[in-house]
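# Descriptive structure summary
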Amino acid sequence: MKNFLVTWYGITDFKSSLGFEKSGPILGALADGDYTDVIVLGYTKHDDSISNEEFKSKLNEVSASDDPDAKFKFTYEYANCSAAHKHFINFIEGKISEMGKSVSVGLISVTLSELNDSEGIYSAAVQALQHISNLQIECRVSIFLSPGTPLMAFSWALAAFKFPGLSKRLIASSDPRKPPVPIMPPKEWLAWNSKQNPNPKDENKADSYDVIYTLFGEQRIPALLGVNHFNCKKHVFVSSGNFDAECMRKFLPESCEFSQIKADPYNPSDVFDKIIKDSAELPWDARIGFNLTGGTKLMYAGAMNACRKLGGVPFYVGGKELKITYLNDFAVEELKPITKVESFILLNSNGLGICDYGRTGADDENAIAMTDEMWKARKKINYLYKDIQEMNKSECYYSLSIEDPWHPEIMPLAQGPYSVSTRPVDYAFEDETQFSTYIKGGWFEEYVYNHLYPLYEKGKLLDIRHGIKVDFNKAISEFDSDHYIYQEMDVVFTNGKQLFIVECKSGRPEVEHIEKLSTIARYYGGIEGKGILAYSKALDSDILDKKIKETPNVDIVSGDDLIEQIKKIIGCEND
């Protein structure tokens, strides 16, 4: 294994080579360490014009003199030239030979515009470490900070962070007569570096965190997206008294720890202090993420300050494009989608349950054919609603006949079953409730669902359900579901980015329909939730048009190309 010592050399080392000092930092490090290779960086003045002959002649002259001023003047006049570098390396190689060691010594001349040329100093340090990294051999690197200027030492530390794959250490010596000792950079530096540049040799990945602090407010979808996207050992939700993050617990993996911090949403200092206090028990090298999407602007300010203090990775998630933006370098990547409509509903419904998850599967061909016939006859069926209402007042069995779509009729039967007769098919229902629900408008919901389901089969939709029912308490509602039903949804689907709720109306359109669906879509789908009002007959209403323009989260579709209109809304018009 190679054991490298890399360092600048400075005035004390140069004086040692001239015989004006007993020893220098580099010579002390070589005497103490067991190095196989030494790479020395030497600052070279940009106007270097001193020849080797001139250097040797002047050095012999000064060495024979007892004038300390002459030695001082020579040191600073002839330092940092190519001739001085050559003299220094010859001196080091001679001393190594005297020690009985075998060490390969190399010097890199670095021309700087001035002694504090930070760009040039940093670039030289990076190149030296890059050279070792390119060898692709097992090695250890000791970076000696003491020789040279403070800026050179600072640049070494920064350059070291660019090479997480190198086995390296920082060493320093406050006394040239004593061997150097290992030192550690500030913990914040180490923490920040480990979070920004995870070691490729480790199993940790860029999407893995030890803990993620999430600002939790009214909009909960960003919190769920963050939970879904990252591998994380612990999620800490920072919320106010108005919003309880307990609902997030059900979305965490069993191995993931849940925690919540209650903070004043309008006091950034309170948010900062509580995050810092919570993080006190974390290991110094913990990788910390900050989901800063939710909460108030003042919560953002406090959390961002805590993020900087802890060396965390801040990010913002969400939007229709389902992107995550890292706020430290503004890199953008795709978010993992939300694959189930139930996730949206359970996340946003404040403790409500789902007593009927709805159908998720293609209908049988017979039922699809029957529903398509109902769609063809929809204009005439609308006129039968009065008869349908009267039907429930008797104890007869009934059949809906649409063999002639222009003259559909409801007919009483002497015996069951309740059925619908169409030109190509007949369909029997188990009981009056199913039959009544279907002919009163259930057929329209079936029609919309059946014609959107192929998008799910193609992967354009990640989930689609027909007939979801939300209730107060699932355990209680099983005894009396009608009494405890809180919300019914006709057709619900997601493309992984948004929740879409389709309300199917086969009757007369009302402005109240828009207002109600707008509230439902925002409640269950969050700020990006979308409602679609589907009417079985074509509409032409200035009042509805005006209301729709005032309600950006609801669209109306109607008429013969209703399904195509829905596909256009969700960006699937060509499917």
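Please refer to the structure higher up on the page.
A brief look at the structure comes next. (Residues numbered from 1 in each chain as written. Predicted model: local features only at pLDDT ≥ 70, side-chain atom pairs only at ≥ 80, totals over all residues. Heavy atoms only, no water.)

## Observations concerning the sheet that holds strand S1 (residues 2-8)
Strand order in this open sheet of six strands is S3-S2-S1-S4-S5-S6, and the pairing throughout is mixed. Looking at the sheet topology across the chains shown, the edges are occupied by strand S3 (104-112) and strand S6 (181-183). On average, adjacent strands in this sheet sit at an angle of 30 degrees to one another, irrespective of strand direction. Inspection of the sheet shows strand S4 (residues 139-144) paired to strand S5 (residues 167-172) by five bridges, in the parallel sense. If you follow Arg 140 over to S5, its bridge partner there is Ser 167. Of the strands in this sheet, strand S2 (37-45) and S3 touch helix H5 (residues 82-99), which is tilted by about 160 degrees from S3. (Pairing = 2+ DSSP bridges. Helix = DSSP H or I, 4+ residues; strand = E, 2+ residues; numbered from the N terminus. Axes fitted to C-alpha atoms, helices over the stretch in contact; angles between N-to-C directions. Contact = heavy atoms within 4.5 Å.)

## So, the packing of aromatic side chains
Taken as a whole and judged by the stated rule, the model has 20 aromatic pairs. Aromatic side chains Trp 375 and Phe 444 sit 5.9 Å apart centroid to centroid with 15 degrees between the ring planes, which places their arrangement in the stacked category. In this pair, Trp 375 is assigned in helix H13 (residues 365-376) and Phe 444 in helix H16 (residues 432-457), connecting sequence segments 69 residues apart. The burial state of Trp 375 is the same as that of Phe 444; both residues are buried. On the numbers, 4.5 Å between centres and 10 degrees between planes, the contact of Trp 375 with Tyr 447 is stacked. Taken as a pair, Trp 375 in helix H13 and Tyr 447 in helix H16 lie far apart in primary sequence, 72 residues in all. Judged by relative accessible area, Trp 375 falls into the buried class, the value being 8%. Three or more aromatic residues joined by ring pairs form one cluster here, namely Phe 14, Phe 55, Phe 74 and Tyr 78. (Phe/Tyr/Trp six-rings, centres within 6.5 Å; stacked < 30°, edge-to-face > 60°. Buried < 20%, exposed > 50% of the residue type's maximum accessible area, 1.4 Å probe, protein only.)

## Description of the environment of Ile 563
Mapped onto the elements of the fold, Ile 563 is located in helix H21 (residues 562-569). As a C-alpha pair, Ile 563 and Tyr 447 span 116 residues in sequence and 9.3 Å in three-dimensional space.

## A word on the packing of helix H1 (residues 11-18) against helix H2 (residues 25-32)
The axes of two packed helices give the description: the angle between them and the distance between them. Interaxial distance between H1 and H2 falls to 7 Å at its minimum, and their mutual angle equals 80 degrees. Judged on the interaxial angle alone, H2 and H1 are roughly perpendicular. Note on element contacts: H2 touches H1 through Pro 25, Ile 26 and Leu 27, opposite Thr 12, Asp 13 and Ser 16. Residue composition of the contact of H1 with H2, grouped by class: three nonpolar, two polar and one charged. (Parallel < 35°, antiparallel > 145°, perpendicular 65-115°, else oblique. Nonpolar A, V, L, I, M, F, W, Y, C, P; charged D, E, K, R; others polar.)

## Remarks on the sheet that holds strand S14 (residues 353-356)
In space, the six strands of this open sheet follow the order S14-S19-S20-S21-S22-S23, with mixed pairing throughout. Lying at the two open borders of the sheet, with one neighbouring strand each, are S14 and strand S23 (554-558). In this sheet, neighbouring strand axes are inclined to one another by 40 degrees on average, regardless of whether the strands run parallel or antiparallel. For strand S21 (residues 499-505) and strand S22 (residues 530-535), the ladder comprises six bridges, and the chain directions are parallel. The residue of S22 that forms the bridge with Val 502 is Ile 532.

## A few points about the pairing of S5
Note on the crossover from S4 through helix H7 (residues 150-160) to S5: the handedness is right-handed. Relative to S6, S5 runs antiparallel, the two being bridged by three bridges. Following the sheet pairing, Ala 172 is matched in S6 by Val 181. (Right-handed = clockwise from strand over helix to strand, strands pointing away.)

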